[in-house]
Amino acid sequence: MSQQHTTLLQFFATWCYPCKVLTPIVNAVETKMNDQLQVSRIDIDQEEDLASRFHIMAVPTLVLIKDNTEIWRHTGVLSEQELKTALGSALSGKL
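Residues numbered from 1 in each chain as written. Predicted model: local features only at pLDDT ≥ 70, side-chain atom pairs only at ≥ 80, totals over all residues. Heavy atoms only, no water.

Notes on the overall build of the chain
What counts, and what does not: A run of H or I in DSSP counts as a helix once it spans at least four residues, and a run of E counts as a strand once it spans at least two, with each numbered from the N terminus. Computation of the radius of gyration draws on C-alpha atoms alone. For the globule rule, the value is 2.2 Å times the number of residues to the power 0.38. Burial classes: relative accessible area under 20% of the type maximum marks a residue as buried, over 50% as exposed, and values in between as partly exposed (1.4 Å probe, protein chains only). By definition, residues are in contact when any of their heavy atoms lie within 4.5 Å. Each accessible area value is a Shrake-Rupley result obtained with a 1.4 Å probe; residue values ignore everything except the protein chains displayed when judging cover.
Check the secondary structure of the chain and you find three helices and four strands. Listing each helix as α and each strand as β along the chain from the N terminus yields β-α-β-α-β-β-α. What you see for the chain is a C-alpha radius of gyration of 13 Å, in line with the 12 Å of a compact globule of 95 residues. Counting only C-alpha atoms and orienting by the principal axes, one finds that the chain spans roughly 40 × 25 × 20 Å. Counting over 95 residues, the chain shows a buried share of 40%. Summarising the internal contacts of the chain: among those between residues at least 6 apart in sequence, 66% fall at separations of at least 24. When the accessible surface of the chain is summed, it comes to about 5,700 Å², and 51% of that surface belongs to carbon and sulfur atoms.

As structure tokens, this is what we get:
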């Protein structure tokens with residue numbers, strides 16, 4: 001079985017309260033799903049070019065990349081269970 005490269009991009013800003021709410025949720029999901037994906041945290045104020053490339057209009061925004069293709073995106077806060085369910089569906093191709 002080939003290992004697929006899957007990354008969850010977490011776009012945030014240090015001044016963003018919802019981003020601060022979402023971070024521990026993403027951390028918990030990262031711990032539970034670390035065999036399926038890695039998480040990259042991107043501060044939109046530090047990485048303006050990357051945020052622009054991904055057309056980030058609001059934070060927090062999560063973008064799931066699998067084999068260099070965006071397969072899922074969500075803007076706003078979700079619960080740990082909602083995030084795990086969405087990621088599981090995206091990774092299994094059920095979206």
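What to know about unusual backbone geometry
Put simply, Val59 and Pro60 share a cis peptide bond, and its omega is 0 degrees. Residue placement: Pro60 occurs in the loop between helix H2 (48-53) and strand S3 (61-66). Positive phi is not limited to glycine here, since Asp67 has a value of about 50 degrees. Position of Asp67 among the secondary structure elements: in the loop between S3 and strand S4 (69-75). Given the relative accessible area of 41%, Asp67 is considered partly exposed. Unlike most non-glycine residues, Asn68 shows phi in positive territory, near 65 degrees. Mapped onto the secondary structure, Asn68 falls in the loop between S3 and S4.

Some remarks on the state of the cysteines
Filter applied, for reference: Cysteine sulfurs are considered disulfide-paired once they come within 2.5 Å of each other.
Applying the stated rule across the entire model yields one disulfide. Residue Cys16 pairs covalently with Cys19 via a disulfide, S to S 2.4 Å. Around the S-S axis, the bridge from Cys16 to Cys19 shows a dihedral of about 85 degrees and counts as right-handed. Accessibility classification places Cys16 together with Cys19 in one group, the buried group.

Quick notes on a negative patch on the surface
As a reminder, the rule being used: Patch rule: a residue counts if its relative accessible area is over 30% and it has no salt bridge; like charges are joined within 9 Å, and nonpolar side chains (Val, Leu, Ile, Met, Phe, Trp, Tyr) within 5 Å. Any carboxyl oxygen of Asp or Glu within 4 Å of a side-chain nitrogen of Lys or Arg constitutes a salt bridge here. Under the counting rule used here, the positive set is Lys and Arg, the negative set is Asp and Glu, and His together with the chain ends is not counted. One atom stands in for each charge, and that atom is NZ of Lys, CZ of Arg, CG of Asp or CD of Glu.
The grouping of Asp45, Glu47, Glu48 and Asp49 at the surface amounts to a negative patch. Residue placement: Asp49 occurs in helix H2.

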